[in-house]
Amino acid sequence: MTGLPASTASTASTAGPAGTRASTAGPAGTPAIRISEEVAQAVADGRPVVALESTIFTHGLPRPRNLAVALEAEEQLRGAGVVPATVGVHAGVPTVGLSSEQITELAAADGLDKVSLRDLPVVAALGRHGGTTVAATAFLAHRAGVRVFSTGGLGGVHFGASESFDESADLTTLAATPVTVISAGVKSILDIRATLERFETLNIPVIGYRTTKYPGFYVTDSGHEINFSVRSPEEAAAVIDARDRLALPQAVLIANPVDPAKQLPPEELDGILARAWAEAARRGITGNASTPFLLDHIQRDTDGRSLEVNVEVYRGNVRLGGEIATALAARAGGSAASSTGA
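Quick caveat, the model's predicted, so the values are computed rather than measured. (Residues numbered from 1 in each chain as written. Predicted model: local features only at pLDDT ≥ 70, side-chain atom pairs only at ≥ 80, totals over all residues. Heavy atoms only, no water.)

Novice: Explain the overall build of the protein to me, and be specific about the residues and the numbers.
Specialist: Summing up its helical and strand segments, the protein has 14 helices and 14 strands in all. The long-range share in the protein, meaning contacts at least 24 apart out of those at least 6 apart in sequence, stands at 71%. For the protein, the exposed surface amounts to about 15,000 Å²; the carbon and sulfur share of it is 54%. (Helix = DSSP H or I, 4+ residues; strand = E, 2+ residues; numbered from the N terminus. Contact = heavy atoms within 4.5 Å. Areas by Shrake-Rupley, 256 points an atom, 1.4 Å probe, with all protein chains shown as cover.)

Below, the structure is given as structure tokens:
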């Protein structure tokens, strides 16, 4: 991992540049969280805001597609009247609401850290740039008061975890972070059955969007059933409000399947995954190195078609995140009006 030059890292300030405000809530020594003025004002006003993670453009997509997708997601939300809050670490400062210039800088930088929740204090103290995972993004979004977070796929339980204990930090973080996460399921390389069992154990509700078939990221149906579904953004917002009224600590997961017409052909996916796993075993690739290797292998095996599905998945989740955030804001506005009238 490569740190920033000392001159760059030293420019980070808890006061923040113009257009940002810094949050230093928490015990002494906790890294400051910089919240953009736009995001902070939208949260204060009760307007819809959607958090977006940065690893999709720092680690997940090739250049220059990564930057185009990141900026397109922000434009997509703005076009729907929703404030985007792209989350990342810039010069050691965890930031909710990266500027376009900061997104461009992170998308072009080499040697960036992939920052999960456990890594936040380290990269903050060392003044490094980083892309935030689902776990870190969910935590920072919640600290900033952002209730909805759209991503591509979640982390989960890896095959062989009964011996390796290889589970994503997304699981335990989401069990203790009351945000709403819209995804197309967990990554296809994971043990989906075991992941759904862990969600149940951790009391994390998994709700299909207009389906009870749990999506498999690249495919609409992973072959696993879930118990509940919602038919509209308004129903999703009602579930989220009920969670909050009960003061429950966990995330609500909305599983939003990719359009069947745009998925990878399901009959191909098993063979693609089998070849990817076999190649990883042949090369002795295990642990943290396995996920990027497997995803890269899938992209090459499909001649880039998996990349197009990945982008389509993300677009759909950003769109639905904006709709749910808008429905939540409308519910909050209606509640406030009722209180005033009473």
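Once the structure has been displayed, the description carries forward.
Novice: I'd like to hear about the pattern of salt bridges, residue by residue, with values.
Specialist: With the rule as written, the count across this model stands at 21 salt bridges. A salt bridge links Lys 213 to Glu 225; the shortest N-O distance between them is 3.2 Å. Remark: Glu 225 occurs in strand E12 (residues 224–225) and Lys 213 occurs in strand E11 (residues 213–214); sequence separation between them is twelve residues. We classify Glu 225 as exposed; its relative accessible area is 51%. A salt bridge links Asp 301 to Arg 275, with the nearest nitrogen and oxygen atoms 2.8 Å apart. Here Asp 301 is found in helix H13 (residues 290–301), whereas its partner Arg 275 is found in helix H12 (residues 266–283), with 26 residues between them in sequence. According to the relative accessible area criterion, Arg 275 is partly exposed, its value standing at 44%. Residues joined by salt bridges that share partners form a network here, namely Arg 147, Asp 241, Arg 243, Asp 244 and Arg 331. (Salt bridge = Lys/Arg side-chain N within 4 Å of Asp/Glu carboxyl O. Buried < 20%, exposed > 50% of the residue type's maximum accessible area, 1.4 Å probe, protein only.)

Novice: Could you give me a rundown of the side chain of Ser 36, with the residues and numbers involved?
Specialist: Among the structural elements, Ser 36 can be located in strand E2 (residues 33–36). Residue classification places Ser 36 among the buried residues on the basis of a relative accessible area of 7%. Engagement of the side chain of Ser 36 in a polar contact is seen with the backbone nitrogen of Val 39, the distance being 3.1 Å. (Polar contact = N/O pair within 3.5 Å; in protein donor to acceptor, adjacent residues only side chain to side chain.)

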